[in-house]
Amino acid sequence: MTATNSLIKEAQLVENMYDNMSIHQVPYKTLLSFRPLIRLLEEKANNSESVDSVLAKLILEKIEGHPFLSKPIPDQNIIEEDCEVFELLISGVLPPVLRQTELAKMSAPFNFNAFYITPSLKQLLSSNQIKIFNKGISEGEVACTLIVSACSMILNKYYGQKLQLAPQISFYFQNPETGILSHYKFNMNFQFIDIKKLKPLLPLSQEQIHELLSNIYDTDLWLKYLPPSHFAFEGFVIGHLTNITQEQSLSMLNYQLLQKSAVLYRENITELEGLVRTYFDIPDLRLGLTAIDYPLENTVAHRYKIRFDFLADKYPVLLAEKNKNSIYEKVCKYREILLIEDLKEVNQKTPIERDLLKAGIRSIIVAPLFNKDERVIGLLEIASPRPFELNSFVEMKFRELTSLFSMAVERSRDEMDNQIEAVIREQFTAVHPSVEWRFIEASYNLLEEREKDSKKAAMEPIIFDDVFPLYGQADIVSSSTKRNYAIQTDLIDNLQRARDLLKMSLEHIQFPLASQGIMKVERGLQDIEKEFSSSDESRLVDLLLNEIHPIIQYLQDHFPDLAPAVSSYFDYLDSGLGIVYNKRKDYEDSVALLNNTISNYIEGQEKEAQKILPHYFEKYKTDGVEYDIYVGQSLLNKDKYSNMHLQNLRLWQLINMCEITRIVEGMQDELAVPLTTAQLIFAYNTPLSIRFRMDEKKFDVDGAYNVRYEILKKRIDKAVIEGTNDRLTVAKKIAIVYLQDKDKQEYLQYFDYLQHEGYITSEIEDLTLGKLQGVQGLRALRITVKV
């Protein structure tokens, strides 16, 4: 076989490449011709300043004896007769030194039947199989691209247009041995094409040209305005294949990682692993990805569904204490990519490295993933079963992936956090930070259940077992008496003013209803001046608003002489309530100021106490402030509870009660109505369970036995000293109700410290409480605060 026969046979590989595409040529007449190239060589030969002048002259001298090369060539097989001259001719555009590396082919215009292909392209075509043609674009679109390219060349030459011609076709080749896909971009060089006008040009207006440019996929329209019978293309086209596998795989990775669930499911990770294999051109490369929080104190209470690291099935917690100094911990600690070319050579292996080796991994690269706040939120890893296959050059390429995966992991984490937050808003109200982790955990479990069966999914019970309660209250002394006195005083003032106004009106008019109103008002005054009860308030307010005020309003509207007095009366009343609201306002403002001051103090101290050990805290404002604290191991997500923490909170509670007593005493000048508080603590030493009540959106004790605590807590503030009518709770004192003698001994030790620090006097009362409803035998200690 001659060299040219070999050339033509190899060129058939390219033609075969297009056989399944039904795209062979555009509908215009095309002829192979080297005349455009020869003209270029003549220009270079005549330009003595051109560095290509000598070579161009040599080529022209050689082809002088081969005139067929200067004419259109109807049959490219003619090239076989002058192979050496042909080889010399094309060296002007495709130097021999590049043919071993350049993926190129040459053919007649828009004809895929190549007359020459480079050795490197021949090797590619013979060792690979075409997998996909121009992925994402149909064959018809490719044919359309070629036709429009030909027509655009006509517009540029004969219709004065300057259209940019850059048609590109993509090929995917699959290695039959490794399965790796390679992506190539096919660029066509139309420089060596002459367009011949076979018939007179059809006139085209600028509007018609715009119509063409607006309909680039309408080939019928293009061929109508530029008929195939009117033009011919002579010359040849050089096509170049450029390997863009890395760029394309990186682009596809970027696209995949932008999807909402890109890193949430195993099938998605498998797809990403395939792209990563293509990117690195390693057919059995493994990809691992996991969401993680480092330092561990940043760990959230739920999982993120992103657990696809190489040891996910073996280690529930990748950064557990037993895995200290593992490659994963080092990556998080030093916040740098770690390359290990051979795991067998690692000194002081932890269980992590040993299990990676058992999993068939020899070389590995691990990278930390960061969020926008530069916190470690995940790990990305690739691995090979062969040592040293992953090296520093691979690591350089690997770095390009980390930012893409970081964004995907952060977005998925944020999405999960948003879903959990939505469940918490739906199922619960505001959640105390100390137990938020448990609500997050339960919300995550509910989301997983909804994915499995949305109809049967239900929120799991939230119960904390074996917790110790601490109850305290700072109750305003004689609050009911002072409130009733303020209401009584305002009502007497209001009734007297109303009576006086009605009496004055009778001096000007005869109005029997006014006289009847005076009678009712005076009876009301007599009632509340003797004794006042809560029922009197509603009855007398109703009398004023619904009987007396309509009469007074009528007098104002119909008797101008009474208008000034009536206006003065109404101006004295509260505009919102419609009654006198002076003494009661002073009382309520004083209570609000006192409550807010105590509440703010407790909240400030509580925040500091949470730093020692997280615990559940809930407070309520009534006539004073009361609060519940629960502490125990079940409330903790990370920390360890001990009895020392309970003792510390009890002493903390006593100190705060002393401070509250002092604060209230120091506020007396600020209060319109003088108020004092009595402090009460319930020392309950039996652990109990608390449950979140979905209907009430709050925690309550759980179980019949534990309800006893709630009963005692609600009744002890009304307790009296046995054998007397004296209340246990007294201003400037703190009472501690207890059940067992060991509780007494514990608090006596606290009192010793409080005396030493100057919080309390030396007086300590040991009291027995009178029988309460369903409760007897309660004891109490009472101390006096130094103010």
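Nothing here was measured: the structure is a model prediction, and the numbers come from that model.

A. Representation of helix H21 (residues 707-715) in the model. Among the residues making up H21, those that are buried are Tyr 709, Glu 710, Leu 712 and Lys 713. Mapping the buried residues of H21 onto a view down its axis gives an arc of 165°, with all of them on the same face.

B. How the structure looks around the sheet that holds strand S8 (residues 231-235). Spatial ordering of the open sheet is given by S1-S8-S7, a layout of 3 strands whose pairing is mixed. At either end of the open sheet lies a strand with only one pairing partner, and these are strand S1 (29-32) and strand S7 (193-197). With direction set aside, neighbouring strand axes in the sheet form an average angle of 20°. One ladder, built from 5 bridges, connects S7 with S8; its direction is antiparallel. Each residue of the ladder has a partner; that of Lys 197, found in S8, is Phe 231. Its contacts with the sheet place helix H2 (residues 35-46) against S7 and S8, and it is angled at close to 120° to S7.

C. Structural detail: the side chain of Ser 384. Mapped onto the secondary structure, Ser 384 falls in strand S13 (residues 376-384). The class of Ser 384 is buried, set by a relative accessible area of 1%. Looking at Ser 384, its side chain comes within polar contact range of the main-chain nitrogen of Arg 386, at 3.2 Å. Ignoring anything within four residues of it in the chain, the contact list for Ser 384 reads Gly 360, Ile 361, Arg 362, Ser 363, Glu 389 and Leu 390.

D. Geometry of the nonpolar core. Counting 48 residues, the largest nonpolar core has Tyr 747, Phe 751 and Leu 754 as the members making the most contacts within it. Of all the elements in the fold, those that place two or more residues in this core are strand S14 (463-476), helix H19 (583-612), strand S16 (624-631), helix H20 (643-666), strand S17 (677-683), strand S20 (733-738), helix H22 (741-756) and strand S22 (779-785). At 10 residues, H20 tops the list of elements feeding residues into this core. Discounting residues that sit within four places of it in the chain, Phe 751 has contacts with Leu 654, Ile 736, Ile 760, Ile 764, Leu 781 and Ile 783. In this structure, Val 26, Tyr 28, Ile 147 and Leu 155 belong to the second largest nonpolar core, which totals 42 residues.

E. Local environment of the side chain of Glu 765. As for its position among the elements, Glu 765 is in strand S21 (residues 760-768). Within the structure, Glu 765 has its side chain in polar contact with the side chain of Lys 733 (distance 3.1 Å). Those residues within four positions of Glu 765 in sequence are excluded, and the remaining contacts are Lys 733, Ala 780, Leu 781 and Arg 782.

What counts and what doesn't
- Residues numbered from 1 in each chain as written.
- Predicted model: local features only at pLDDT ≥ 70, side-chain atom pairs only at ≥ 80, totals over all residues.
- Heavy atoms only, no water.
- Buried < 20%, exposed > 50% of the residue type's maximum accessible area, 1.4 Å probe, protein only.
- Helix = DSSP H or I, 4+ residues; strand = E, 2+ residues; numbered from the N terminus.
- Arc of directions from axis to C-beta.
- Pairing = 2+ DSSP bridges.
- Axes fitted to C-alpha atoms, helices over the stretch in contact; angles between N-to-C directions.
- Contact = heavy atoms within 4.5 Å.
- Polar contact = N/O pair within 3.5 Å; in protein donor to acceptor, adjacent residues only side chain to side chain.
- Core = buried A, V, L, I, M, F, W, Y, C linked by side-chain atoms within 4.5 Å.

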